[in-house]
Amino acid sequence: MPRIKASGSELIALGGDWRLEGQNISGPLENLAGQGAVAHLCFEPGSLTLEHSAPTLLIYVFEGQLEVSGQELKQGELGCLGPGSEIHLSGDAKSQALILAGVAHREPIAHYGPFVMNTQEEIEQALRDYRNGTLAL
């Protein structure tokens, strides 16, 4: 996977475009829905600046803790940031986070197993289509 290393930390680009400490990188997953981008951050004590232009950016800390633009996120917490251009990340311990960026769908979502639709009725129709062999892919 493409990686950027800065200040001892590492950003692993899984999909989409990222900019960290003035360095650009693109992940191998392309054309994600909603102009999406996905990255794994392996953070070392210190501080970093992540630049982004997405209308929504989510940071899920799954190990350690991070301060994200002045707000502390502990292990198991999710931070939701709106439009901006820079996010300042800092912390005193090794941490890891999943970072997601993109445009919110702004529509209802119903899901069941691998099926994702807008309504429960659409889910039931997809299940019927799957069971009788007429599901169009």
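These notes cover the structure that comes with them. (Residues numbered from 1 in each chain as written. Predicted model: local features only at pLDDT ≥ 70, side-chain atom pairs only at ≥ 80, totals over all residues. Heavy atoms only, no water.)

### Brief notes about the environment of aspartate 92
And step 1. With respect to the helices and strands, aspartate 92 occurs in the loop between strand E11 (86–91) and strand E12 (95–102).
And step 2. Between the alpha carbons of aspartate 92 and glutamate 44 there is a distance of 7.9 Å; along the sequence they are 48 residues apart. (Helix = DSSP H or I, 4+ residues; strand = E, 2+ residues; numbered from the N terminus.)

### Things to note about the side chain of aspartate 129
And step 1. By the secondary structure assignment, aspartate 129 is in helix H1 (residues 120–131).
And step 2. Among buried Asp, Glu, Lys and Arg side chains, aspartate 129 stands out as unpaired, with arginine 128 the closest opposite charge at 6.0 Å.
And step 3. A distance of 2.7 Å separates polar atoms of two side chains, one belonging to aspartate 129 and the other to glutamine 125.
And step 4. Apart from residues lying up to four places away in sequence, aspartate 129 is in contact with Thr134 and Leu135. (Buried < 20%, exposed > 50% of the residue type's maximum accessible area, 1.4 Å probe, protein only. Lys, Arg positive; Asp, Glu negative; His and termini not counted. Salt bridge = Lys/Arg side-chain N within 4 Å of Asp/Glu carboxyl O. Polar contact = N/O pair within 3.5 Å; in protein donor to acceptor, adjacent residues only side chain to side chain. Contact = heavy atoms within 4.5 Å.)

### Regarding the nonpolar core
And step 1. The biggest cluster of nonpolar side chains holds 26 residues, and the ones touching the most others in it are Trp18, Leu41, Ile59 and Leu89.
And step 2. For this core, the leading source of residues is strand E5 (residues 37–43), giving 4 residues.
And step 3. Apart from residues lying up to four places away in sequence, leucine 89 is in contact with Leu41, Phe43, Gly46, Ser47, Leu48, Leu50, Ile59, Glu67 and Val68.
And step 4. Residues Ala110, Phe115, Ile123 and Leu127 belong to the second largest nonpolar core, which totals 5 residues. (Core = buried A, V, L, I, M, F, W, Y, C linked by side-chain atoms within 4.5 Å.)

### Structural notes on a negative patch on the surface
And step 1. Taken together, the side chains of Glu67, Glu72, Glu77 and Asp92 define an acidic patch exposed on the protein surface.
And step 2. Relative to the elements of secondary structure, glutamate 77 occurs in the loop between strand E9 (71–74) and strand E10 (78–81).
And step 3. On the accessibility criterion, glutamate 77 (34% relative accessible area) is partly exposed. (Patch = residues over 30% accessible without salt bridge, like charges linked within 9 Å, V, L, I, M, F, W, Y side chains within 5 Å. Areas by Shrake-Rupley, 256 points an atom, 1.4 Å probe, with all protein chains shown as cover. Charge placed at Lys NZ, Arg CZ, Asp CG, Glu CD.)

Keep in mind that these numbers describe shape and distance, not what the molecule does.
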